[in-house]
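What follows is each chain in one-letter form.
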Amino acid sequence: MKRILAVLLSVSVLSSLAGCGCQREDPEPQPPGTPAGTEFSVGMVTDIGGVNDQSFNQSAWEGLNRAKETFDCRIGYLESKQEADYGPNLDKMADEEYDLVWGIGFMMADAIENAARQNPAGMYAIVDNAYAETPDNVISVVFRAQEPSFLVGYIAGRMTQTGKVGFIGGMKSGTIDQFDYGFQGGVQWAAKELGKDITVEVQYAESFSDTAKGKSIAQKMISGGCDIVFHAAGNAGNGVIEAAKEAGKYAIGVDRDQSYLAPDTVITSAMKLVGDAMYLVTERVKNGESLGGQTLAFGIKEKCAGISSASDKLVPADILEATGRIEQMIVNEEIVPPYDEETYRAYLETLQ
C-alpha cells in the first residue's frame, strides 16, 4: 500500500510541474554555499502580447537577462494569454517570493495594485502606468514615448513620396496616444520645413496580438496611398511590417530595433528602451534604494529612448543629420513633442 501511495504522489508532483508550462525561470542552480532564498530575485508578468512579441515584452525580458548577467540574480517570467491571467500570475510570483515583480504594460495596472495590497511585504513595479496615488510597495515606470515617436515622424515626413503616411496603434490609451500624437507632431514639423501638406492616417487594431488584423489595416492604408506606416501595436505590428514588405513600401518599428524583421522595409524604429529602464530600476532596488510609491519617467535625456542605430541603412545621411539636431532640441526642451490630442492642437498652433 505504501508503495502504491508513493507512486501516486510522484505522479501528482510531476503533473503539477507539467501544469506550470507557461513559467520560465533561470534554470541554473544556486552557487554552492548560498542558502535558498538569499539571492536577489526579480520576475515579470507579461501582458497578452507574450514574451516573444519582438517588441515591448521582449525588450522587458532582455532587460532582466542583462540584470541576471550583471547582478547574478534569479529571474523568471510568466506569460499572460488573456487579461484574466494577470492576477493569478502575480499570485504565483508572490508564492515564488521574488524580491521585485514587474507587471509589463498599463493593462496590468489594476492587477498590480490588487497584488500589492494583498502582499504588502512584496515589492512591485509596473511599466507604462502612473497611479493617482502610487501604493507604497509599487514603483511606476513611465516613458516619454512621444519623444522617439516625434523623431521617426520627422523621418517619415522627410521621406514620404506620396505626402501620406500612417499610424497603427494597438489599443487606444494614454500610453499609445504618446506614440500617435508624437509621430504626428514630427511629421508636421517636417511638413513645415518642406513647405508642403502631409496627411497622417490613424487607425487602431484593438489588439496587441492580432497579427492578421494589423496586416489588414496596413494593407488598406497602403492601398489608400500611405507609403510609410508606423506601428505601436505589439505583435499586431508584425503584420504591419509584413504588409509593407509585400507592397514594397516602408514601415517604422517600435520599442526595439525591428529592422531585422525586414531589413529592406523597416527604415527606423522608435526605441522606447523598456529593458534598459527596467535594468536601471532593478539595479537601484537591489542596491537597497527605496523607490516604492514613486513614479519614474524615462526618455531621450535618460538614454532610454531614441531611434535605432540601423537607421543609416535606409534613411539618407542628410535626414539623419537633421534628425540628430531635432533630438538635441528635444533634450534642450526647445521642442516639446505632443502626447495627446490637447497638446497636439496646441503644438500645431506653434507651427503657424
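Being a predicted model, the structure only gives us computed values, none of them experimental.

**As for the side chain of Asp227**
Logical step 1: Along the chain, Asp227 turns up in the loop between α7 (211-223) and β9 (228-232).
Logical step 2: Despite being buried, Asp227 has no salt bridge partner; Lys249 is the closest side chain of opposite charge, sitting 6.2 Å away.
Logical step 3: Of note is the side chain of Asp227, whose polar atom sits 2.7 Å from the side chain of Thr160.
Logical step 4: A polar contact of 2.6 Å, which involves the side chain of Asp227, links it to the backbone nitrogen of Gln161.
Logical step 5: Here Asp227 is in contact with Thr160, Gln161, Thr162, Lys164, Val165, Lys249 and Tyr250, once residues within four sequence places are set aside.

**Quick notes on the packing of helix α5 (residues 146-159) against helix α6 (residues 174-194)**
Helix-helix packing is characterised by the crossing angle of the two axes and by the distance between the axes.
Logical step 1: Packing of α5 against α6 brings their axes to within 6 Å, and their N-to-C directions diverge by 40°. Overall, the two elements α5 and α6 adopt an arrangement that is oblique. The handedness of the crossing between α5 and α6 is right-handed. When α5 is examined against α6, the residues Gln146, Ser149, Phe150, Val152, Gly153, Tyr154, Ala156, Gly157 and Arg158 are found in contact with a partner set consisting of Gln178, Phe179, Gly182, Phe183, Gly185, Gly186, Val187, Trp189, Ala190, Glu193 and Leu194.
Logical step 2: For the contact of α5 with α6, a count of residues per class yields 10 nonpolar, 8 polar and 2 charged.

**Regarding the sheet that holds strand β13 (residues 305-307)**
Either a parallel or an antiparallel arrangement is found when strands of a sheet pair, and the pairing is made through backbone hydrogen bonds.
Logical step 1: In spatial order, the strands read β8-β7-β9-β10-β11-β13; together these 6 strands make up an open sheet with mixed pairing. Of all strands in the sheet, those bounded by a partner on one side alone are β8 (199-204) and β13. Direction aside, neighbouring strands of the sheet carry axes that sit 15° apart on average.
Logical step 2: Two elements, strand β7 (residues 164-169) and β8, share 6 bridges in a ladder whose sense is parallel. Of the residues in β8, the one forming a bridge with Ile168 is Gln203.
Logical step 3: Helix α8 (residues 236-247) contacts β7, β9, β10 (250-254) and β11 (266-272) of the sheet and is inclined by roughly 165° relative to β9.

**Let's talk about the side chain of Asn57**
Logical step 1: Mapped onto the elements, Asn57 comes out in helix α2 (residues 56-71).
Logical step 2: Taking the relative accessible area as the measure of exposure, Asn57 reaches 1% and is therefore buried.
Logical step 3: Of the polar contacts made by the side chain of Asn57, one reaches the side chain of Asp47; its length is 2.6 Å.
Logical step 4: When near neighbours in sequence (up to four residues on either side) are disregarded, Asn57 contacts Met44, Thr46, Asp47, Gly49, Gly50, Val51 and Ile104.

**Focus on a negative patch on the surface**
Logical step 1: On the surface, a cluster of negative charge is contributed by Asp91, Asp95, Glu96 and Glu97.
Logical step 2: For Glu97, a relative accessible area of 61% gives the class exposed.

**Things to note about the pattern of salt bridges**
Logical step 1: Inspection of the entire model under this criterion finds 17 salt bridges.
Logical step 2: With its nearest N and O atoms 3.7 Å apart, the salt bridge here joins Glu201 to Lys164. Here Lys164 lies in strand β7 and Glu201 lies in strand β8, a separation of 37 residues in the sequence.
Logical step 3: The partly exposed category is assigned to Lys164, whose relative accessible area is 23%.
Logical step 4: Notably, a salt bridge pairs Asp264 with Lys313, separated by 3.4 Å at the nearest N-O pair.

Analysis parameters
Residues numbered from 1 in each chain as written. Predicted model: local features only at pLDDT ≥ 70, side-chain atom pairs only at ≥ 80, totals over all residues. Heavy atoms only, no water. Helix = DSSP H or I, 4+ residues; strand = E, 2+ residues; numbered from the N terminus. Buried < 20%, exposed > 50% of the residue type's maximum accessible area, 1.4 Å probe, protein only. Lys, Arg positive; Asp, Glu negative; His and termini not counted. Salt bridge = Lys/Arg side-chain N within 4 Å of Asp/Glu carboxyl O. Polar contact = N/O pair within 3.5 Å; in protein donor to acceptor, adjacent residues only side chain to side chain. Contact = heavy atoms within 4.5 Å. Axes fitted to C-alpha atoms, helices over the stretch in contact; angles between N-to-C directions. Parallel < 35°, antiparallel > 145°, perpendicular 65-115°, else oblique. Left-handed = near helix turned anticlockwise from the far one by under 90°. Nonpolar A, V, L, I, M, F, W, Y, C, P; charged D, E, K, R; others polar. Pairing = 2+ DSSP bridges. Patch = residues over 30% accessible without salt bridge, like charges linked within 9 Å, V, L, I, M, F, W, Y side chains within 5 Å. Areas by Shrake-Rupley, 256 points an atom, 1.4 Å probe, with all protein chains shown as cover. Charge placed at Lys NZ, Arg CZ, Asp CG, Glu CD.

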